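Single-letter residue listing:
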Amino acid sequence: MKTKIASFLILLSVNCNLLFSQNTDPSTLNSITIQSIKMGDYDKSIQILNKEINYNPRYAEAYNLRAWTLLYMNEYNKAINDATTALSMEKRHYTYDTRATAYALSGDYRKAIMDLDEAILIEKYTALYFYKRGLFKMEINDISGAEGDFKWAKLFDKNESYRQADDPLFRKLAFKIPFQEYVKKQVEEKITLWQQKGEYEKTSDFQKRVNEASRNLMVQQYTNEAIEQLKLEYTKNIIWSSLKLSQYDADNETFLIQAGEIDNFAIPVPVSDAQNFKQKWASMKFSEQDYYVNSNRLFLAKLTITEPESGKKYIYDSKKSTTYSANNITYNFKPIEINVNQNNVSNNTVITDNNTVVGSSDVDVNIPVNAQINDKTFAVIIANENYSREVKVQYAANDGKIFKEYCEKTLGIPSKNIHFQQDATFGTMKSEIKWISDVIGAYNGQAKAIFYYAGHGMPNEADLSAYMLPVDGFSSDFETAIKLDDLYERLAKNPAQSVTVFMDACFSGSIRDNGMLANARSVVIKPNSNSIKGNTVVFSAATGKETAFPYKEKQHGLFTYFLLKKLQETKGETDFQALSDYVIRNVKQQSVVVNQKSQTPQVNTSEKMANTWQEMKFK
């Protein structure tokens, strides 16, 4: 193989010496560039094209090919500049496509769509342009426009050969269909048809057929159908023959398969089969593919690889090595409302169909990923939703789960440094507080600590102190709750670089859904301010007399939603002053609009941090 590559490069260098005495024929230049790219020698391709451009600065095709090469090098802005230069000389449809691809890969889908509009005006019957434009429209939630483009693509290429384009750039784009939006559109359309009253259907029969229970069953059925259809679409876009085999790991008896957009995965192959498996790799057959859903996209869950001659099968199953959720998507359909006006004169059926919401909140997906590892930051996350003796705290579990994801992905905290407890008992909460206190002590002032709590809070009427309530606690017995003063004292027991506390709870006796704890008095109580020491900053969801409300539309606590939103928008690069201003402003505004009641988050610090907390950051 090395000899072949060396021979090719020698031949290429000879050709290059001949090329630059005059303009190279575009087809020859294209061929040489493609060969260099296929070999992964992007620098050689750039070198050739630079010489062409130096020889003739008005050679549009050379600029276009250099832009195309730059895409493989992830130099999207440079690619856009080269394609723009080429278009200023010659308005070619394929150059518009090159620039559209660069815009899309850099995240500017609207400009990408505009360029494909121009490409289609010039070349009206190219299925690939319509298909790519459909993908970009999906990214901006123009679902109907995307479906129209997909239909045109299929019309112009019934065999859908454009899906099999052996082009890694195209495959990057083809895997960008947003999962939730696709499922949502399919379910909504089918539910709309299903819940219509038939012309010859009696009102009584219609009311039996269309009800909340039957509607939920149909939603699940249509959801499953949409998921299976998307899996088929997904499979069509995978070039299975392009999967690459890495070196065999004899200790673990596995091959690592480099699979590009569907992520690398390891497949078990016994040592006795390994050599033959590698030799026969090019002829292997791939079947029985299945996928799981996470972060608004599909990942490979199962795959069977068959050696044709012997018929021996090798099976990849993600369940055996990793944990996954087959349908990691939350559906929150509002109840259908039917108002049937019946009388002896006419039979008018009026159906009010509320908007159907499919999928998680916007902060639950597209969570920014930070490559920086903060291995001296530690977090305890407690999310108490399901109480034994009190009403549940709406969305507290989701608050904690998603905050944990931001800690890992956005703040770069290693998973081993994070303790997440859902529905924590008294003993569990005490244990976690001890753990974070001990960790702070072990790092001698070098550690950063985060303590997050979502759940019930309650006041002590006698001394107006505040408590966190474990799921097995009694709101009538403070011995079964965790006093905030004790928490802050434990967190400040040892020196730390910083301690940040987030409290999505209120300590007035009221609860998230605007009621009262079982043993709280009918009037809210404003607890005393807690004594905070050390390098500690506390973000609280509400002031003493207020309620910490849920944000039902987003399936989070109102305070937590805007905390996560700020981390998402800034990719975790925010100082505490900006975070505080953003959360307080948005929570106050949203609570008045939606709940018709005030909720004002607040920040409290130790005296030591009074003038410095504003510049603090997570990283």
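Figured I'd write up the structure that's included with this text. (Residues numbered from 1 in each chain as written. Predicted model: local features only at pLDDT ≥ 70, side-chain atom pairs only at ≥ 80, totals over all residues. Heavy atoms only, no water.)

What follows covers the overall build of the protein. Looking only at helices and strands, the protein features 19 helices and 21 strands. By the burial criterion, 49% of the 619 residues in the protein qualify as buried. Taking as baseline every contact in the protein between residues at least 6 positions apart, the subset at least 24 positions apart corresponds to 66%. With the model as given, the accessible surface of the protein reaches about 30,100 Å², and the carbon-plus-sulfur share is 48%. (Helix = DSSP H or I, 4+ residues; strand = E, 2+ residues; numbered from the N terminus. Buried < 20%, exposed > 50% of the residue type's maximum accessible area, 1.4 Å probe, protein only. Contact = heavy atoms within 4.5 Å. Areas by Shrake-Rupley, 256 points an atom, 1.4 Å probe, with all protein chains shown as cover.)

Attention shifts here to the pairing of strand 13 (residues 448–454). Of all 7 residues in strand 13, 7 are buried; the element is thus mostly enclosed. Both faces of strand 13 are covered, namely the face carrying Lys448, Ile450, Tyr452 and Ala454 and the face carrying Ala449, Phe451 and Tyr453. The sheet contact formed by strand 11 (residues 377–383) and strand 13 spans 7 bridges and is parallel. Following the sheet pairing, Ile382 is matched in strand 13 by Tyr453. (Pairing = 2+ DSSP bridges.)

Time to look at the sheet that holds strand 1 (residues 244–245). Pairing between the strands of a sheet is mediated by backbone hydrogen bonds and can be parallel or antiparallel. Taken together, the 3 strands give an open sheet; going across it, the order is 1-2-3, and neighbouring strands pair in antiparallel fashion. Bordering the open sheet on either side are strand 1 and strand 3 (265–268), each of which pairs with just one other strand. Examined bridge by bridge, strand 2 (residues 254–258) and strand 3 share 4 bridges and lie antiparallel to one another. Bridge pairing in strand 3 links Thr254 to Pro268.

Moving on to unusual backbone geometry. Even without glycine at this site, Gln555 takes up a positive phi of about 60°. Relative to the helices and strands, Gln555 resides in the loop between strand 19 (550–551) and strand 20 (556–557). Under the relative-accessibility criterion, Gln555 is labelled buried at 9%. For Lys571, which is not a glycine, the phi torsion comes out positive at approximately 55°. Secondary-structure assignment places Lys571 in the loop between helix 18 (558–570) and helix 19 (576–595).

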